[in-house]
Amino acid sequence: MIEQQPIKDFLDSLASDSPTPGGGTAAALSAAMSCSLMAMALRVSQKKVQDPTMQEAAAKLDQIRSELLNLADKDAEAFEAYMSARRLPKDTESQKQERKQAMTKALIQATQVPLNTMKAIEQAVKTVAGKTAENVLPSVASDLYSGIKLAQAAMQCAFANVKINSTKEETQPLYEEAVDLLNNFEEIVTELEQTAKSLLGM
Ligand SMILES: Nc1nc(=O)c2c([nH]1)NC[C@@H]1CN(c3ccc(C(=O)N[C@@H](CCC(=O)O)C(=O)O)cc3)C=[N+]21
């Protein structure tokens, strides 16, 4: 489990030529870090600003962060299963059929997981958008901004994983859902970025 790993060990295994952890895991973990940063900005601000939504939003971000850490593990499992299916024998006609079925099944899961990562990131950003972000103290505006930009990067990375796996008819509906989600997200995140920038005086 990723949560048990020292950061150095995780980064070494990400850099290694083994297929997992891969980009999908990195997207989910980056998003988890984004949640931490945004929660921190809210918790610091909450001490001085009378905004009862901040505490709740921070708690929600903690919950989404825990989901994202789980998705980081799930992504490695799903991509590993796909790589295993690819390694199945293909000597006879029935083996070929079985391998094809197993690969399709694993590919659907390897596409569903980064799509779930995208959904979690959208929830995280929606949690801070609007009044909550506007009430963040200028002293932690850089943390809010960093959290937002990390969320945006993680969203685009998770989307790239959905895209690269969307090579079959069976994954097409997931791809279409991801495109819609990304477009909607970009609108929300652009506005939120403006809020953080103006707090930063940028
Ligand atoms: N949900 C999801 N998560 C991913 O992380 C994900 C994904 N989908 N879809 C595709 C991309 C690409 N990616 C690779 C990482 C390493 C190798 C790799 O190490 N390949 C070696 C070893 C192959 C083996 O061990 O059989 C090779 O090709 O020589 C390949 C591909 C992860 N991705």
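These remarks concern the structure in this document. Predicted, not measured: the structure shown is a model, and the values here were computed from it. Once a new chain begins, its residue numbering starts again from 1 and follows that chain's sequence as written. Where totals are concerned, whole chains, interfaces and linings use all residues; where local detail is concerned, this predicted model gives features only for residues with pLDDT of at least 70, and gives and counts side-chain atom pairs only at 80 or more. Derived side-chain values reflect all non-hydrogen atoms in the structure, with water molecules and hydrogen atoms excluded from consideration.

### Considerations on the environment of lysine 60
Part 1: Only DSSP runs of H or I with at least four residues qualify as helices, and only runs of E with at least two residues qualify as strands; both kinds are numbered from the N terminus onward. Topologically, lysine 60 is positioned in helix H3 (residues 53–86).
Part 2: The exposure class of lysine 60 is partly exposed, given its relative accessible area of 32%.
Part 3: The spatial distance from the C-alpha of lysine 60 to the C-alpha of alanine 28 is 17 Å, given a sequence separation of 32 residues.
Part 4: The contact criterion used is simple: two residues touch if any of their non-hydrogen atoms lie within 4.5 Å. In this view, lysine 60 contacts Gln123 and Thr127; residues no more than four positions away in its chain are not counted. Relative accessible area decides the class of each residue, using a 1.4 Å probe on protein chains only: under 20% of the type maximum gives buried, over 50% gives exposed, and in between gives partly exposed.

### Here's the deal with the side chain of aspartate 51
Part 1: Along the chain, aspartate 51 falls in the loop between helix H2 (23–46) and H3.
Part 2: Each polar contact in these results corresponds to two N or O atoms within 3.5 Å; when the atoms are within protein, one needs to be able to donate a hydrogen and the other to accept it, and residues that are neighboring in sequence are counted only if both atoms are side-chain atoms. Separated by 2.5 Å, the side chains of aspartate 51 and threonine 53 make a polar contact.
Part 3: Setting aside residues up to four positions removed in sequence, aspartate 51 forms contacts with Lys131, Thr132 and Asn135.

### What about the pattern of salt bridges?
Part 1: We define a salt bridge as a contact between a side-chain nitrogen of Lys or Arg and a carboxyl oxygen of Asp or Glu at a distance within 4 Å. In total, this model carries nine salt bridges according to the counting rule given.
Part 2: Residue glutamate 122 is joined to lysine 126 by a salt bridge in which the shortest nitrogen-to-oxygen separation is 3.8 Å. Of this pair, glutamate 122 and lysine 126 are both found in helix H4 (residues 93–128), four residues apart, which corresponds to roughly one turn of the helix.
Part 3: On the accessibility criterion, lysine 126 (41% relative accessible area) is partly exposed.

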